[in-house]
Amino acid sequence: MTELRLVEQQIAVMQPGKLHSPDGIVDCEVLSVSRGAARVRLLGDLPELGRLYLAIRGFGQLECRLERTEGESADLAFTGDAQSLDAMFQDMLDRFGDAEGRRRYLRRSVLWPGSLKGDGATVDCTILNMSLGGAKVALVEERGFSGTVTLMGDRFEGLAATVVWKSGRVLGLQFKADTARVAAALGEILPAIKESVLVGAAQ
């Protein structure tokens, strides 16, 4: 089966956080975060057993487990569902990610009619947002789409994509074409996306 993760990428966060355990709360500094893990600098003693929750301001509590410690640093593995972790990572990328990461995943909210074709079916949808990397869509009815699909809209030609997460009728898609081709397809209707490519190429 095709790997569904968008990309292995770490975000340098450098924000204060708190680790909640059955024995109490330990302050920490969140050094970096990826979709499935985080590295923190501990500002107190952390128990090695029991369920942990990492709290970062603005993102709630993320259930995790301790993978290993090295001096004051600790590696944590998130244990939540893939859809929630992907949404969390995208929000963190928007807030903390570097310029290159933000350009790659620059999202623009839209409310466009569209349809999703795959697995022998075509289902109408509403396109909620779009970026060079993909889109988020809401299907009019829940369907078990997986793997490769084609997103179609009345404002652009079909874009091949991979379903990377699902939550009920809402799907996250990763476009299969490179960013230049996506920008060419969407640039006239989403000028900011086209501009982000030009800025990136100039640097």
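Basis of the calculations
- Residues numbered from 1 in each chain as written.
- Predicted model: local features only at pLDDT ≥ 70, side-chain atom pairs only at ≥ 80, totals over all residues.
- Heavy atoms only, no water.
- Core = buried A, V, L, I, M, F, W, Y, C linked by side-chain atoms within 4.5 Å.
- Buried < 20%, exposed > 50% of the residue type's maximum accessible area, 1.4 Å probe, protein only.
- Helix = DSSP H or I, 4+ residues; strand = E, 2+ residues; numbered from the N terminus.
- Pairing = 2+ DSSP bridges.
- Arc of directions from axis to C-beta.
- Axes fitted to C-alpha atoms, helices over the stretch in contact; angles between N-to-C directions.
- Contact = heavy atoms within 4.5 Å.

Caption draft 1: Main features of the nonpolar core. In terms of nonpolar packing, the biggest core is built from 25 residues, with Leu19, Val33, Val40, Leu54 and Phe78 touching the most fellow members. Counting residues per element, the ones that place at least two in this core are β1 (11–21), β2 (24–33), β3 (37–42), β4 (52–56), β5 (61–70), β6 (73–78) and α1 (82–96). Within the second largest apolar cluster, 24 residues are counted, among which are Val137, Leu173, Phe175 and Leu186.

Caption draft 2: Representation of the pairing of β6 in the model. Counting buried positions along β6 yields six of six residues, so the element is predominantly enclosed. The two faces of β6 match: Ser73, Asp75 and Ala77 on one face and Ala74, Leu76 and Phe78 on the other face are all buried. Across five bridges, β3 lies against β6 in antiparallel orientation. Across the sheet, residue Arg39 finds its bridge partner in β6, namely Asp75. In terms of strand pairing, β5 meets β6 through six bridges, oriented antiparallel. Within β6, the position partnered with Arg68 by the bridge is Asp75. The antiparallel pairing of β5 with β6 creates a hairpin that spans two residues between the two strands, and Gly71 there sits at a positive phi of about 65°.

Caption draft 3: Inspection of helix α3 (residues 179–186) at higher detail. Taken together, the buried positions of α3 are occupied by Val182, Ala183 and Leu186. Buried residues in α3, looked at end-on, bunch into an arc of 100°, giving them a common side. Seen from the open side of α3, the exposed residues pointing more than 90 degrees away from its buried face are Arg181 and Ala184.

Caption draft 4: A look at the sheet that holds strand β7 (residues 108–118). Reading around the barrel, the six strands line up as β7-β8-β9-β12-β11-β10 and close back on themselves, with antiparallel pairing between neighbours. Between one strand and the next, the sheet's axes are offset by a mean angle of 45°, whatever the strand orientation. When strand β8 (residues 121–130) meets strand β9 (residues 134–139), the two strands line up antiparallel, connected through five bridges. Residue pairing in the sheet places Ile127 in a bridge with Val137 of β9. Running at roughly 120° to strand β11 (residues 156–167), α3 makes contact with β8, β11 and β12 (170–175) of the sheet.

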